[in-house]
Protein chains: 2
Amino acid sequence: MEGKEDNSLGGVKEIARRANVSLGTVDRVINNRAGVAVKTRNRVNAIIEELNYQPNVLARRLALTSRGTLRVAVLLPDISEETEYWKAPLEGINKADLEIRQYGVQVEHYFFDQNVQSVFAEQVNRIMANAPDGVLITPTFEKESIALMKFCKKKKIPCVLMNSDIPDQHRLCYIGPELFDSGYLSGQLVHYCLKEGQKAMIVNIAREIENNVAILRKEDGFLAYFREKLSQDQLVHLNMTDTGYASVAARLTALLEAHQQIGIIYVTNSRVALVAQWLESIGRKDIVLIGYDYLDKNLDYLKRGVIDFLLCEKPQEQGYRGVMSLFQYLIFSTTVQEDYLIPIDIVTSANYRYYRN
Amino acid sequence: MEGKEDNSLGGVKEIARRANVSLGTVDRVINNRAGVAVKTRNRVNAIIEELNYQPNVLARRLALTSRGTLRVAVLLPDISEETEYWKAPLEGINKADLEIRQYGVQVEHYFFDQNVQSVFAEQVNRIMANAPDGVLITPTFEKESIALMKFCKKKKIPCVLMNSDIPDQHRLCYIGPELFDSGYLSGQLVHYCLKEGQKAMIVNIAREIENNVAILRKEDGFLAYFREKLSQDQLVHLNMTDTGYASVAARLTALLEAHQQIGIIYVTNSRVALVAQWLESIGRKDIVLIGYDYLDKNLDYLKRGVIDFLLCEKPQEQGYRGVMSLFQYLIFSTTVQEDYLIPIDIVTSANYRYYRN
DNA sequence: TCTTTTTTCGTGCACGTGCACAGGTTTTTA
DNA sequence: TAAAAACCTGTGCACGTGCACGAAAAAAGA
């Protein structure tokens, strides 16, 4: 039971005592600061090894409190009725903000309209001008995002990406889902639910489909599953850049007329509620509906059995972890930090009550 | 942008200055200690409210370091080849242990054999004799668990339950799944996958089925779904108290002979691997198989397409949160603490890579 | 050898909180 | 009215670490 020497006891003081030097010297060795003889440094390092010394993070941050606050810039889409999704990451970010504020880290918000690229560029410039200590962004527009990442690299500012990734640039980490497998999983669900002789439909609803990385990746994954396990002619495609309900309903009605065997609809984003509204209006609860995101509107349809499956990627946790990983890095100097691939969760009317967003 | 007054600045010192009292007095008010005039107390409390004061946890724990270490007793089943499941909670517990050790909290382990009630009782007695500062248990045997909970109540020791619950006793919180809905969700999955004219089968494999709260609750939920949405005669029951493979295979073979329309099998615990082994041996990958737990053995079958769905309840997180909630309570005196119902996750071959246990 | 520069090291304060102890004030008792 | 008791409040140290400042020692220059 007793076993090895307990590591937790003895801090800097014990090291100083054993090495027969002062606290200041030990401190210099630990923090790799100059001004200590090589011989002394080695001796102290040996004792640090021997004691398996782990600095007390509480005391460390407490001591640093006097040094002033660190600023973390957060860039994400603003929240409209249409893009309610982004409320969740923001909540996670705010939660983290509250937790780390007293440790001398504060979060600065920058918002942009997902439909206006110039605003995004403008906000990127503002961030660069303000030179924060850390950056968290959702890289909706690739060009400006890369510019910001290059800037961060030069200034040695840690940069975290969220929600979708730009892999080949220099960044601290990516926090978000593996979108291809998200689509692939949808294909699998469709396969399980598909009855004899039925067809499935994939629906993209977004103003800009060709530039939307998220939608494209999910579709890739979905199609990959169909190629592997099903037949292409069991699938009907539909792209809609007009996101108004009337337009959506009209297109869907026409398509259902043409393909009466459709038994399953897969919507590649949170606009699944539009389809649900339409399905309910025409009284076709029997059609299996799969979509995205744990939003109030979607949950309503889920509870009522109109939507059958919601795929969710913990947007709140994404925001929270994004900020916290910067916090970890800045405060505790945690150098090693892998990308964090968020689980792809399946939510139905039977388990939504326990889901943590 | 400036808006309201920033809450983070100013701690006890600022309160003392505004109330025109000393630090000691403020401290007494905050910690509800005696020896301060009612008038003064009210004045200080008002200022605390006004400043929205939040104590600095770093400093708080740092100050308490001198006070000595707290001991947390953990009681859970030991890990055999048959009960590999319990490795995960233990990992979570150990992870928490490492994190909180330097804050002066240490974890003491107590193990028992799930098949031997007397050992459980014995360990409960050992815990009571050692009088720890906190207790975390998996209440496999109800009678002894209640005895321990009563002891804790008398001694004011916080007691956390994990994995399954005993609701009506005095306890700090429960951390685990809502088992009824877990079974209900399985029913729903079966419904989605059931093809025309097929039957489903529910299989319980455990030495003691009638005393196993977890299995019974899941079965309740599953049957509830069938009553609501399907027909009872689409369901075949099977209970097996002999957990050896040969015996399982024999029973299953016989039953499949009798009910050839069986298209889906639901196993109510992690023994689903036994059924998978059998299915693979008879070459019936077409039968949909649903079971429990993110274990290596089960994952193998999942990847190969023998098992189709695994329901998982984050056992590692359960252990982690169990210890951490005690830590929170003991160190930060977080009085309000709800039960934590773990999400019921659906894992398939398409998303298992991203699952966090 | 003495002064100047550089290197190396020790000391003291700060961070925000908990707690023991002592000093002070009011109320009770003799 | 003085002494004793009860009550209230202020002061100082500790927790472990980071950093500034200055002192001591060593090295370089004259």
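If you're wondering where the values come from, they're calculated on a predicted model, not measured in any experiment.

A separate point is the sheet that holds strand S10 (residues 309-312) of chain B. Residue and element names in this part refer to chain B. Across the sheet, six strands lie side by side as S7-S6-S8-S9-S10-S12; this open sheet has mixed pairing. Of all strands in the sheet, those with a lone pairing partner are strand S7 (235-240) and strand S12 (345-347), marking the two edges. Averaged over neighbouring strand pairs, the angle between their axes works out to 20 degrees when direction is ignored. In this sheet, strand S8 (residues 262-267) lies alongside strand S6 (residues 199-205) in parallel orientation, the contact comprising five bridges. Considered in S8, the bridge of Met201 is made with Ile265.

Let us now look at the packing of aromatic side chains. A full pass over the atoms with the stated rule returns 20 aromatic pairs over all chains. Here the aromatic rings of Phe120 of chain B and Phe141 of chain B are separated by 5.3 Å at their centres, their planes lie at 65 degrees, and the arrangement is edge-to-face. You can see Phe120 of chain B sitting in helix H6 (residues 117-130) and its partner Phe141 of chain B sitting in the loop between strand S3 (134-137) and helix H7 (142-155), a full 21 residues away along the chain. Here the two residues Phe120 of chain B and Phe141 of chain B agree in accessibility, since each one is buried. Through pairs of rings, three or more aromatic residues link up here, namely Phe222, Phe226, Tyr266 and Tyr292 of chain A. One cation-aromatic arrangement involves Lys95 of chain A over Tyr320 of chain A; the distance from NZ or CZ to the ring centre is 4.4 Å.

Residues and elements named next belong to chain A. Orientation of helix H10 (residues 245-258) relative to helix H11 (residues 272-281), taken along the N-to-C sense of each, is 60 degrees, at an axis distance of 10 Å. Accordingly, the angle class assigned to the pair H10 and H11 is oblique. The hand of the H10/H11 crossing is right-handed. Counted together, Tyr245, Val248, Ala249, Leu252, Thr253 and Leu256 of H10 and Leu274, Val275, Gln277, Trp278 and Ser281 of H11 form the full contact between these two elements. Taken together, the residues of the contact of H10 with H11 break down into eight nonpolar, three polar and no charged.

Attention shifts here to the protein's contact with DNA strand D. For DNA strand D, the set of nearby residues contains 27 residues, the closest of which are Val12 and Tyr53 of chain A together with Ser22, Gly35 and Thr40 of chain B. Close to the protein, within 4 Å, the atoms of DNA strand D are drawn from sugar and phosphate at a rate of 73%. At a separation of 3.5 Å, a phosphate oxygen of DNA strand D approaches a polar side-chain atom of Asn31 of chain A. For DNA strand D, a phosphate oxygen lies 2.6 Å from a polar atom in the backbone of Ser22 of chain B. Sorting the residues of the surface near DNA strand D by element identifies helix H1 (12-19) and helix H4 (57-64) of chain A together with helix H2 (23-30) and helix H4 (57-64) of chain B as the ones contributing at least two each. At four residues, the largest contribution of residues to the surface near DNA strand D is made by H4 of chain A. Split by residue class, the surface near DNA strand D holds 11 nonpolar, 10 polar and six charged.

Turning next to the pairing of S8 of chain B. Across the six residues that make up S8 of chain B, a large majority, six, are buried. Considered for its hand, the β-α-β crossover made up of S8 of chain B, helix H11 (residues 272-281) of chain B and strand S9 (residues 288-292) of chain B is right-handed.

Here we take up helix H9 (residues 213-229) of chain A. All names here are of chain A. Taking 1.5 Å as the rise per residue, H9 with 17 residues should run 24 Å; its terminal C-alpha atoms sit 25 Å apart, in good agreement. Among all positions of H9, only Ile215, Lys218, Glu219, Gly221, Phe222, Leu223, Ala224, Tyr225 and Phe226 are buried. The N-capping residue of H9, defined by a side-chain oxygen 3.1 Å from the backbone nitrogen of Ala214, is Asn212.

Model confidence for chain A is summarised by a mean pLDDT of 88, while 94% of its residues fall at 70 or above. Residue range residues 1-8 of chain A is modelled with pLDDT below 50. Its contacts to residues more than four positions away, or to other chains, number seven contacts.

A separate point is the side chain of Asp345 of chain B. Relative to the helices and strands, Asp345 of chain B is located in strand S12. Separated by 2.9 Å, the side chains of Asp345 of chain B and Tyr355 of chain B make a polar contact. Non-local contacts of Asp345 of chain B, meaning those with residues more than four positions away in its chain, are made with Asp345 of chain A together with Leu310, Leu311, Cys312, Lys314 and Tyr355 of chain B.

What follows is about the protein's contact with DNA strand C. In the vicinity of DNA strand C, 27 residues are found, and the nearest of them are Ser22, Ala37 and Thr40 of chain A together with Val12 and Tyr53 of chain B. Counted by atom, the contact set of DNA strand C within 4 Å of the protein is 72% sugar and phosphate. Asn31 of chain B places a side-chain nitrogen or oxygen 3.5 Å from a phosphate oxygen of DNA strand C. Contact between DNA strand C and Tyr53 of chain B: a phosphate oxygen at 2.4 Å from a side-chain N or O atom of the residue. Elements that contribute at least two residues to the surface near DNA strand C include exactly helix H2 (23-30) and H4 of chain A together with helix H1 (12-19) and H4 of chain B. It is H4 of chain B that contributes the most residues to the surface near DNA strand C, four residues altogether. Looking at the surface near DNA strand C, its residues break down into 11 nonpolar, 10 polar and six charged.

A few words on the interface of chain B and chain A. The partner chain A presents 42 residues to the 42 residues of chain B that form the contact. For the pair chain B and chain A, the two sides together bury roughly 3700 Å², of which 56% comes from carbon and sulfur. Interface area lost by chain B to chain A is led by Leu58, Tyr192 and Tyr354 of chain B, which between them contribute 21%. Inspection of the region where chain B meets chain A yields two salt bridges. The salt bridge partner of Asp181 of chain A is Arg353 of chain B, with a shortest N-O separation of 2.9 Å.

Before going further, it helps to examine H1 of chain A. Three or more residues of H1 of chain A are buried, namely Glu14, Ile15, Ala16 and Ala19 of chain A. Next to the buried residues of H1 of chain A lie H2 and helix H3 (38-51) of chain A.

For the rest of this paragraph, the subject is the relation of the copies chain B and chain A. At an RMSD of 0.7 Å, chain B and chain A line up after a rotation of 179 degrees and a shift of 0.4 Å along the axis. A rotation of that kind, with that shift, is consistent with a two-fold axis. Take the interface residues of chain B: 100% of them recur as interface residues in chain A, which is what a same-surface contact looks like.

Moving on, we come to unusual backbone geometry. All names here are of chain B. For Ala131, which is not glycine, the phi torsion reads 45 degrees and is therefore positive. Tracing the backbone through its elements, the reader meets Ala131 in the loop between H6 and S3. Positive phi values are uncommon outside glycine, yet Asn163 reaches one of about 75 degrees. For Asn163, the position within the fold is in the loop between strand S4 (159-162) and strand S5 (173-176). With a relative accessible area of 16%, Asn163 lands in the buried category.

Residues and elements named next belong to chain B. Every second residue of S5 is oriented toward a common face, with Cys173 and Ile175 on one face and Tyr174 and Gly176 on the other, all of them buried. Where S4 and S5 come together, three bridges link them in parallel fashion. Of the residues in S5, the one forming a bridge with Val160 is Cys173. As paired strands, S5 and strand S11 (residues 340-341) are joined by two bridges and run parallel to one another. Directly across from Gly176, in S11, lies its bridge partner Leu341.

About the criteria used
Residues numbered from 1 in each chain as written. Chains lettered and ligands numbered in written order. Predicted model: local features only at pLDDT ≥ 70, side-chain atom pairs only at ≥ 80, totals over all residues. Heavy atoms only, no water. Pairing = 2+ DSSP bridges. Helix = DSSP H or I, 4+ residues; strand = E, 2+ residues; numbered from the N terminus. Axes fitted to C-alpha atoms, helices over the stretch in contact; angles between N-to-C directions. Phe/Tyr/Trp six-rings, centres within 6.5 Å; stacked < 30°, edge-to-face > 60°. Buried < 20%, exposed > 50% of the residue type's maximum accessible area, 1.4 Å probe, protein only. Lys NZ or Arg CZ within 6 Å of the ring centre and 35° of its normal. Parallel < 35°, antiparallel > 145°, perpendicular 65-115°, else oblique. Left-handed = near helix turned anticlockwise from the far one by under 90°. Contact = heavy atoms within 4.5 Å. Nonpolar A, V, L, I, M, F, W, Y, C, P; charged D, E, K, R; others polar. Near = heavy atom within 4 Å. Polar contact = N/O pair within 3.5 Å; in protein donor to acceptor, adjacent residues only side chain to side chain. Right-handed = clockwise from strand over helix to strand, strands pointing away. Expected span 1.5 Å × (residues − 1). pLDDT = per-residue confidence, 0-100. Buried area = accessible area lost by both parts, 1.4 Å probe. Salt bridge = Lys/Arg side-chain N within 4 Å of Asp/Glu carboxyl O. Least-squares fit on C-alpha atoms with pLDDT ≥ 70 in both.

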